[in-house]
Amino acid sequence: MKYILLVGIFLLKAHLNAQTKKKITYDFSCLESSTTIWLADWEKEIISTLGVEATFTEEINVGLQVLDECKKEYTFISSGAEIDLLRGILNKLKLKIQKPRGFTYQIYYIDDPMVNAFTAGGKIFFTKGMYKFCKDKHEMAAILAHEIAHNELGHIRDNIAKSKTYDKYIGKHFGKFSVFVANILTLSFNQKNEAHCDMWGVDLARNTGYQTCQTISLWKRMQAKEGKENQSITSLLNTHPYSGRRADCVKNHLKTNYAIQCNE
Ligand SMILES: [Zn+2]
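For clarity, every value in this text was computed on a predicted model and none was experimentally measured. Position numbers for residues start from 1 in each chain and track the written sequence from start to end. In view of the model being predicted, local features appear only for residues whose pLDDT reaches at least 70, and side-chain atom pairs are presented and counted only at 80 or more, with totals across whole chains, interfaces and linings using the full set of residues. As a rule here, side-chain values come from all non-hydrogen atoms in the structure, and water together with hydrogens is ignored.

K.L.:
For this particular structure, what's the right way to read helix H3 (residues 56–73)?
P.N.:
Residue pairs spaced three or four apart in an α-helix point in one direction, given the helix's 3.6 residues per turn. For H3, built from 18 residues, the straight-helix expectation of 26 Å at 1.5 Å per residue is met to within 8% by its first-to-last C-alpha distance of 26 Å. The buried label goes to any residue with under 20% of its type's maximum accessible area, the exposed label to any with over 50%, and the partly exposed label to all in between, with areas taken from a 1.4 Å probe on protein chains only. Elements are defined by DSSP. Helices are runs of H or I of four residues or more, strands are runs of E of two residues or more, and each kind is numbered from the N terminus. Turning to H3, its buried residues are Glu59, Val62, Gly63, Val66, Leu67 and Cys70. Looking straight down H3, one finds its buried side chains confined to an arc of 140°; they lie on one side. In H3, those exposed residues whose orientation departs by more than 90 degrees from the buried face are Thr57, Gln65, Lys71 and Lys72. A helix is expected to reach a length of 1.5 Å times the quantity of its residues less one. The directions considered for the arc run from the helix axis to the C-beta atoms.

K.L.:
Honestly, the packing of helix H4 (residues 81–95) against helix H6 (residues 137–152) in this entry has me stumped. Any pointers?
P.N.:
Think of two packed helices as two axes; the pair is described by the angle between the axes and how far apart they sit. Comment: axis = line fitted to C-alpha atoms, over the contacting stretch for helices; angle = value between 0 and 180 degrees taken between N-to-C directions. In contact at an axis separation of 10 Å, H4 and H6 are set at 55° when each is read in the N-to-C sense. With respect to their mutual orientation, H4 and H6 come out oblique. Classified by chirality, the crossing of H6 by H4 is right-handed. Of the residues in H6, those in contact with Leu85, Leu86, Ile89, Leu90 and Leu93 of H4 are Lys137, Met140, Ala141, Leu144, Ala145 and Ile148. Only Asp, Glu, Lys and Arg are considered charged, only Ala, Val, Leu, Ile, Met, Phe, Trp, Tyr, Cys and Pro nonpolar, and every remaining residue, Gly among them, polar. Considered class by class, the residues forming the contact of H4 with H6 number 10 nonpolar, no polar and one charged. Each angle is binned into one of four classes, with values under 35 degrees roughly parallel, values over 145 roughly antiparallel, values of 65 to 115 roughly perpendicular, and all other values oblique. When the near helix sits turned anticlockwise from the far one by under a right angle, the crossing is termed left-handed; a clockwise turn instead gives a right-handed crossing. Should any heavy atoms of two residues lie within 4.5 Å, those residues are considered in contact.

K.L.:
I'm lost on the nonpolar core in this one. Help?
P.N.:
Nonpolar side chains tend to gather and get buried jointly when the protein is soluble and globular. Core analysis: the biggest nonpolar cluster contains 42 residues, and Leu86, Leu93, Phe126, Met130, Ile143, Leu144 and Ile148 have the highest contact counts within it. Those elements giving two or more residues to this core turn out to be H4, strand S2 (106–110), strand S4 (123–127), helix H5 (128–133), H6, helix H8 (176–208), helix H9 (214–228) and helix H10 (246–258). Considering each element in turn, this core owes the most residues, eight residues, to H6. Apart from residues no more than four positions distant in its own chain, Phe126 is found in contact with Leu86, Ile107, Tyr108, Tyr109, Ile110, Asn116, Ala117, Tyr131, Cys134, Met140, Ile143 and Leu144. Residue types Ala, Val, Leu, Ile, Met, Phe, Trp, Tyr and Cys, when buried and joined through side-chain atoms within 4.5 Å, form a set referred to as a nonpolar core. One finds Ile47, Ala54, Leu67 and Ala161 within the second-largest nonpolar core, a separate group that totals 16 residues.

K.L.:
Sorry, what's going on with the sheet that holds S2 here?
P.N.:
What holds strands together in a sheet is hydrogen bonding between their backbones, with the strands either parallel or antiparallel. Across the sheet, four strands lie side by side as S1-S2-S4-S3; this open sheet has mixed pairing. Each edge of the sheet is formed by a strand with only one pairing partner; in this case those strands are strand S1 (76–77) and strand S3 (117–120). In terms of strand pairing, S3 meets S4 through four bridges, oriented antiparallel. Across the sheet, residue Thr119 finds its bridge partner in S4, namely Ile124. Docked against the sheet, H3 engages S1, S2, S3 and S4, running at close to 30° with respect to S4. Note on pairing: two strands pair once DSSP finds at least 2 bridges between them.

K.L.:
Would you mind showing me how to read a nonpolar patch on the surface here?
P.N.:
A cluster of nonpolar side chains, contributed by Trp38, Trp42, Ile46, Leu50 and Tyr169, occupies part of the molecular surface with about 520 Å² of accessible area. The residue Trp38 is located in helix H2 (residues 34–50) in this model. Here Trp38 falls in the exposed class, since its relative accessible area comes to 54%. Like-charged residues within 9 Å of one another, or nonpolar side chains (Val, Leu, Ile, Met, Phe, Trp, Tyr) within 5 Å, are grouped into patches, provided each residue has over 30% relative accessible area and no salt bridge. What sets the accessible areas is the Shrake-Rupley method with a 1.4 Å probe; for residues, cover comes only from the shown protein chains. In what follows, salt bridge is the name for a side-chain nitrogen of Lys or Arg lying within 4 Å of a carboxyl oxygen of Asp or Glu.

From the geometry alone we can't say anything about function, so treat these as descriptive.
Shown next, in the form of structure tokens:
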């Protein structure tokens, strides 16, 4: 009997280890166009071939610049139940980041009705409009985890490297054209990054103990809202110009990796 129990415990442990070590896969077939994925990969390849890199310090500095710009335009809310709730969620999430890159995550709560969140250099900006748009802490966790993902997956670093590449190889000859090109490329390529952050964010929120099926209805509501009004923010790092088919991406991701079937 003792041995059967021991074998049972061993098998259970092996099963749990296999579950925790199972490699998470990210499927981008949920996106509207495979061309988008191809272009994103192609551009990343070109930039890495040209060898222009961005440093961690540059990422931090971009975060500081965004903070300066926001301070000029917006008022921050630094105390109260709402910012406390956001800080609490962020603190829980950041403890569960696997192989963290070393950012000191901080939240900045902007007193503005616009529904938005954006990030750079570990600084996460979250509007009052976004707070009201979220139905509960699980949805807030999804947004915050998504913003953490942009930092951990190196999207801001890649954008800086991209900007430096265009300055170096095109800027001198074409001046403003390089900025124009970079903007166009950013617009068309961001979809893959956004979908990646949605799925990576769901992994983080789930590992932290938040419910993740909520994310699907969140992105669906966001999509419906974006269809009705033109979302614009004057920040240079507006990271959410599309909802696209992100709800489908998350649904597929939860089903494939965790066998979770969301009834959305
Ligand atoms: Zn984003």
